[in-house]
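Overview (structure and organization)
Residue-level listing of the chains:
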Amino acid sequence: DTNFCSLVANIHRINVEKSLSIYPNPATNLLHIKADNAKFNINSIRIQNITGETILEQNNFYEREKVVDVSKLPDGLYFLSINGQGIQQKIVVKH
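Residues numbered from 1 in each chain as written. Predicted model: local features only at pLDDT ≥ 70, side-chain atom pairs only at ≥ 80, totals over all residues. Heavy atoms only, no water.

1. Regarding the pairing of strand S5 (residues 65-69)
Only one face of S5 is covered, namely the one carrying Lys66 and Val68; the face carrying Glu65, Val67 and Asp69 has none of its residues buried. Of the strand pairs in this sheet, strand S2 (residues 30-35) and S5 are connected by 5 bridges, and their pairing is antiparallel. Following the sheet pairing, Lys34 is matched in S5 by Glu65. (Buried < 20%, exposed > 50% of the residue type's maximum accessible area, 1.4 Å probe, protein only. Helix = DSSP H or I, 4+ residues; strand = E, 2+ residues; numbered from the N terminus. Pairing = 2+ DSSP bridges.)

In structure tokens form, the structure reads like this:
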């Protein structure tokens with residue numbers, strides 16, 4: 001059943017999002033992404049601007065905590081995607 005599969009996928013997404021800490025938001029220089037759940041690791045991140053253009057992408061790491069330098073990004077609203085699993089968080093960069 002399509003509805004059941006969608007429900008399971010959404011529950012998984014909610015559980016994963018609850019196991020992440022992303023701070024500070026708004027960010028000025030460094031953005032911290034931390035997996036609070038020992039079973040979850042961060043292996044890729046992508047930051048896109050509001051038009052969908054990829055501004056920053058990092059892959060091929062396997063960490064519970066990642067620090068991203070956002071100091072060179074212009075002030076604005078961005079979308080942070082984690083592990084390419086549809087986990088997306090709005091972040092603000094403000095200097």
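This is not the end of the story, as more comes after the structure.
2. Focus: the sheet that holds strand S7 (residues 87-93)
Spatially, 4 strands are ordered S4-S3-S6-S7 in an open sheet, and the strand pairing comes out antiparallel. The open sheet has two edge strands with one neighbour each: strand S4 (54-63) and S7. For this sheet, the mean angle separating the axes of adjacent strands, direction not counted, is 20°. Pairing of strand S3 (residues 42-49) with S4, which is carried by 6 bridges, proceeds in the antiparallel orientation. Looking at S4, one finds that Ile45 is bridged to Gln58. (Axes fitted to C-alpha atoms, helices over the stretch in contact; angles between N-to-C directions.)

3. Quick look at unusual backbone geometry
Backbone torsion omega between Tyr23 and Pro24 reads -15°, so that peptide bond is classified as cis. Relative to the assigned elements, Pro24 resides in the loop between strand S1 (20-23) and S2. Along the chain, Asn25 connects to Pro26 via a cis peptide bond; the corresponding omega equals 15°.

Structural measurements only, silent on function.
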